[in-house]
Amino acid sequence: MKIETNFSLQAYNTFGVAATASAYAEVATKNDVLELYHLPYRPIYILGGGSNVLMLKDIEGIVLRNCLMGIEVLSEREGHVLVAVGAGENWHELVQWAIRQNLGGLENLSLIPGTVGAAPIQNIGAYGVELKDVFHSLEAFDFQKGTFRNFDRDACQFGYRYSIFKEAKNRHRFLITRVVLQLTRPPHPLQLSYGAIQETLKANGISRPGIREVGNVVESIRKSKLPDPKILKNAGSFFKNPEIESGQFDKLKEKYPEVPGYPTVAGQIKVAAGWLIEACGWKGKRHGRVGCHEKQALVIVNYGGASGAEIQELARAIQVSVKEKFGIYLEPEVNFWS
Ligand code: FAD
Ligand code: NAP
């Protein structure tokens, strides 16, 4: 394993922020992980595809990029297929592999950037499916104890864009090395509840979709409204959709009848953060080198050369105006590295 010093991370975060790591290593095997544990470099920062991080300054410590690869079918029983995936595999390539194998469960999560190892961190979700719906277990290395450990679904404590790994005390403590997913063959059932999926299937004349069609539709919707980080630097949704009490939502709805809200299993209402930001006039607005995307206000973009601090400043201004207008706090979804 090669350790590089004074390493530029600009190409390794989809915001394209120019930050440097005093040390950097790519970890491709479990032996690399153990070797790194015994080396004196600290603190450790864990990086996947860099599509959900905002680097606020240069990193004094070692950035460890997860490159553990491999896909293996472990078992197939009564329509359930267990698949173990190296945490460094690209998420969308895994989704495409699953669709080719006629394995169901991942199609709604098409085109999400990043690695498989990062997927459990915020329990990635899109179009009514979350990682937890297909999750079986994972293996992680604990840098505090120096041991590998398995986590089942309960141990991960998945929630809305949340897992135990997002807790402050666990950040960069556990390196997820392998994720085991439970998929279905034949694929069942399809999750088609989101309006955009239904409308696009209808517009394309598809009345009996399979996983391939659903994957294609999700890809085409995403391509039509989300900026491609290769072209316009961004980290997807900057904020989570806030979940508020139904009484508060009713009052909001009285004043703003068009505000979108969706009931959660916990009895709250999830409000579309993009709508709140747009209603404050931010959509398509540019402030110097940063701005709110013209098609989706929830996405903050770096037009080129912006620092992490400039991006954070715009995010704060958005938070202030949403709080003033609606009394709602927007919690960042993106992980700040400081
Ligand atoms: P990184 O950005 O590298 O890391 C994210 C966090 O996880 C960091 O704090 C890092 O320390 C930690 N981490 C990464 N890998 C590991 C590991 N192996 N072990 C322990 N900790 C680790 N997210 C969604 O949920 N749904 C979407 O639909 C979605 N769409 C997006 C669209 C765009 C255009 C973009 C740019 C982002 C989108 N995202 C979405 C956010 C992002 O793609 C996901 O959160 C993804 O899982 C991040 O993967 P990554 O490998 O890039 O993680
Ligand atoms: P959208 O369709 O414009 O909808 C806005 C919000 O309303 C979404 O965030 C979604 O919440 C919620 N929503 C819409 N229909 C719903 C339904 N039938 N039931 C429950 N909630 C519903 O959203 P979008 O921005 O184009 O994104 C589409 C999907 O891709 C969403 O699931 C979104 O989470 C995901 N996405 C995520 C990121 C990211 O970086 N995290 C980036 C782009 C897209 P949910 O977010 O809870 O689904």
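### Observations concerning the pattern of salt bridges
Side chains that differ in sign of charge can pair as their charged atoms come close. This structure, assessed with the given rule, holds 12 salt bridges. Here R65 makes a salt bridge to E26, at a shortest N to O gap of 3.1 Å. With R65 in strand β5 (residues 59-66) and E26 in strand β2 (residues 20-27), the pair connects residues that are 39 residues apart, well separated along the chain. Here E331 and K240 are joined by a salt bridge, their closest N and O atoms 3.3 Å apart.

### A look at unusual backbone geometry
Geometrically, the link from R42 to P43 is a cis peptide bond, its omega value of -10° lying close to zero. Mapped onto the elements of the fold, P43 is located in the loop between α1 (30-38) and β3 (44-47). Between R185 and the following residue, P186, the backbone shows a cis peptide bond with an omega angle of 0°. With respect to the helices and strands, P186 occurs in the loop between β12 (174-184) and α4 (195-203). For N6, which is not glycine, the phi torsion reads 50° and is therefore positive. One non-glycine residue, L111, lies in the positive phi region at around 65°. Structurally, L111 can be placed in the loop between α2 (91-100) and β8 (125-126).

### Observations concerning the site of ligand 1
If you check the shell around ligand 1, you find 33 residues, and the closest are I46, G49, S51, T115 and R222. A distance of 2.7 Å separates an oxygen atom of ligand 1 from a polar atom in the backbone of G49. Of the residues assigned to the shell around ligand 1, the class counts are 16 nonpolar, 15 polar and 2 charged.

### Details of the site of ligand 2
Neighbouring ligand 2 are 18 residues, the closest being R161, Y194, K225, K270 and Q296. Note that an oxygen atom of ligand 2 is positioned 2.7 Å from one of the side-chain N or O atoms of R161. Within the contact set of ligand 2, an oxygen atom lies 2.8 Å away from a side-chain nitrogen or oxygen of N241. In isolation ligand 2 offers 800 Å² of accessible surface; the protein chains occlude 80% of this area. Within the residue set of the shell around ligand 2, elements represented by two or more residues are β8, α5 (211-225) and β13 (233-237).

### As for α4
Residues of α4 that are buried include every one of I197, T200 and L201, and no others. Seen from one end, α4 has its buried residues packed into an arc of 100°, which puts them on one side. In this structure, α4 carries E199, K202 and A203 as exposed residues pointing more than 90 degrees from its buried face. Lining the buried residues of α4 we find α5. A positive phi of about 70° marks G205, the residue just after α4.

### Structural notes on the sheet that holds strand β14 (residues 243-244)
One open sheet accounts for 3 strands, arranged β14-β16-β15; its pairing is antiparallel. Because the sheet does not close on itself, it has two edges, and the strands there are β14 and β15 (261-263). Of the strand pairs in this sheet, β14 and strand β16 (residues 269-271) are connected by 2 bridges, and their pairing is antiparallel. Residue pairing across strands places I244 opposite I269, the latter belonging to β16.

What counts and how
Residues numbered from 1 in each chain as written. Chains lettered and ligands numbered in written order. Predicted model: local features only at pLDDT ≥ 70, side-chain atom pairs only at ≥ 80, totals over all residues. Heavy atoms only, no water. Salt bridge = Lys/Arg side-chain N within 4 Å of Asp/Glu carboxyl O. Helix = DSSP H or I, 4+ residues; strand = E, 2+ residues; numbered from the N terminus. Near = heavy atom within 4 Å. Polar contact = N/O pair within 3.5 Å; in protein donor to acceptor, adjacent residues only side chain to side chain. Nonpolar A, V, L, I, M, F, W, Y, C, P; charged D, E, K, R; others polar. Areas by Shrake-Rupley, 256 points an atom, 1.4 Å probe, with all protein chains shown as cover. Buried < 20%, exposed > 50% of the residue type's maximum accessible area, 1.4 Å probe, protein only. Arc of directions from axis to C-beta. Contact = heavy atoms within 4.5 Å. Pairing = 2+ DSSP bridges.

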